[in-house]
Amino acid sequence: MRLVKILRLTFVAIVIGLLSGVSIGVFLILLEKSINLNLTYYNLIWFLPVSGSLMTFLYKKFGGNSNKGNNIIIENINGSNEEIKFIMAPLVFIGTVLTHLFGGSVGREGTGVQIGGTIANSLCKLLNYKEDKKILLITGMAAGFSSVFGTPLAGTIFALEVSAIGSISYNSMLPAITAAIVGDRVVRFLGVKHTHFDFPPVEPFLFTNIFRVIVMSICFGLVSRLFIEMTKLFKYILGKYIKNNYLKAFIGGSLMVSVTLIIGNRVYNNLSLGLLTGAFDKEVPYFAFLIKLVLTTLCLGAGYQGGEVTPLFVIGATLGSTLANIFGVPRAVAASLGLVSVFAGATNAPIACFIMYIELFGSVNIVFAMVVCIISVIISGKKGIYSSQLWIE
């Protein structure tokens, strides 16, 4: 690109970062308050089925194709001309906050990516930058991901990598990293503390243990695949036997409520950050990863709004903590590798997950981090949580 065009797009990226940072900063503040309310007032969980039906109504009445979520942004990056409606941003904002307020088991990255992508698309229309739409949408995704997790490098690579596996848009790099940094700084300026977790130091692990790491990587990849297939299964079963979308959301929410009451605690509701942080320095229930997986895929399959990334972190870290007992690996090592590996397998974004490992844990065991991310992607297969991804051989 010419220098003038690069500078122009970088300036637009600053605006995208600012607007995304403000929007997502407010979102994260409200999200934290809603989770605290849910944990304080246990009876709020009874309203989860009703909130699901309400959001189903709002999406059907006003959303149009907005229920496609992240996939419609990825499709537009890959050349689709299907309209990205601005209403998608406020709908996913409200839907995610309500889901967490009433105890649903979902994440938050989907909300950030959709807000960032919607803002970028709106600016693209306003400025009539049709030929630069792909670059600006990638920039919006980077701003959204970075603003949610406080990881600008991982957010940039995720946005560059996730839409077309095997191809990276180098023209998008400077605008994407600019928006990611600006979005992250704005969120921090608003007083939001990113969940970077109080992890214990990750111990160095001898390279002679590479075989154990490979076996664990295969386990991580299989669980990534299970997450993908379970999400599809719940969507298929609920869609086949419950034709009414309002009833589908209500029944899905009711099942979530029932399981919560059977378990007898709220460990698996919301983001499950307590379960995540505990996986690094103490034993967790052996099947914690499976319970979180089932509840999250149930909520997503029933149509509840949020995201998959934080639940994938929880699933990966708790699985790693469990495997640490089996393979004799230091718990913090196994949990940290599991966190990024399961995420990589589900998103088909090994480079972004490797960069996230470095941002979260530093440079210790980075060779193992890259190995587990690559193997997990291979084992999980080409189908990820984003059905609109393209594979370029």
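Since the structure is predicted, the reported quantities are computational estimates derived from the model, not experimental observations.

A tally of regular secondary structure across the protein chain gives 16 helices and two strands. On C-alpha atoms alone, the protein chain measures out to a radius of gyration of 20 Å, which is about the 21 Å that the 2.2 N^0.38 rule sets for 393 residues. Counting only C-alpha atoms, the protein chain reaches 55 × 50 × 40 Å along its principal axes. Expressed as a percentage of its 393 residues, the buried residues of the protein chain come to 60%. Taking all contacts inside the protein chain whose residues are at least 6 apart in sequence as the whole, residues at least 24 apart take part in 79%. The positive charge centre, built from 29 side chains, and the negative charge centre, built from 17, are 8 Å apart in the protein chain.

The next subject is the environment of Ala349. Relative to the helices and strands, Ala349 resides in the loop between α14 (331–347) and α15 (350–361). Ala349 sits 117 residues away from Lys232 along the chain, and the two C-alpha atoms are 20 Å apart. Not counting residues up to four positions away in its chain, the partners in contact with Ala349 are Phe158, Glu161 and Ala344.

As a further point, take the domain arrangement of the protein chain. For the protein chain, the assigned domains are domain 1 (3–190) and domain 2 (207–391). For domain 1 versus domain 2, the separation of C-alpha centres amounts to 21 Å. With 49 residues of domain 1 at the contact, the number on the domain 2 side is 45 residues. Across the domain 1-domain 2 interface, the total number found is 26 residue pairs in polar contact (both at pLDDT 80 or more). Those elements that place two or more of their residues in the side of domain 1 that touches domain 2 are α1 (3–40), α2 (48–63), α3 (70–77), α4 (88–101), α5 (109–127), α6 (133–149), α7 (152–162) and β1 (164–165). Tallying contributions element by element places α2 first for the side of domain 1 that touches domain 2, with 10 residues. A class-by-class count of the residues in the side of domain 1 that touches domain 2 yields 23 nonpolar, 21 polar and five charged.

The rules we used
- Residues numbered from 1 in each chain as written.
- Predicted model: local features only at pLDDT ≥ 70, side-chain atom pairs only at ≥ 80, totals over all residues.
- Heavy atoms only, no water.
- Helix = DSSP H or I, 4+ residues; strand = E, 2+ residues; numbered from the N terminus.
- Rg over C-alpha atoms; globule rule 2.2 N^0.38 Å.
- Buried < 20%, exposed > 50% of the residue type's maximum accessible area, 1.4 Å probe, protein only.
- Contact = heavy atoms within 4.5 Å.
- Lys, Arg positive; Asp, Glu negative; His and termini not counted.
- Charge placed at Lys NZ, Arg CZ, Asp CG, Glu CD.
- Domains from an automatic or database assignment.
- Polar contact = N/O pair within 3.5 Å; in protein donor to acceptor, adjacent residues only side chain to side chain.
- Nonpolar A, V, L, I, M, F, W, Y, C, P; charged D, E, K, R; others polar.

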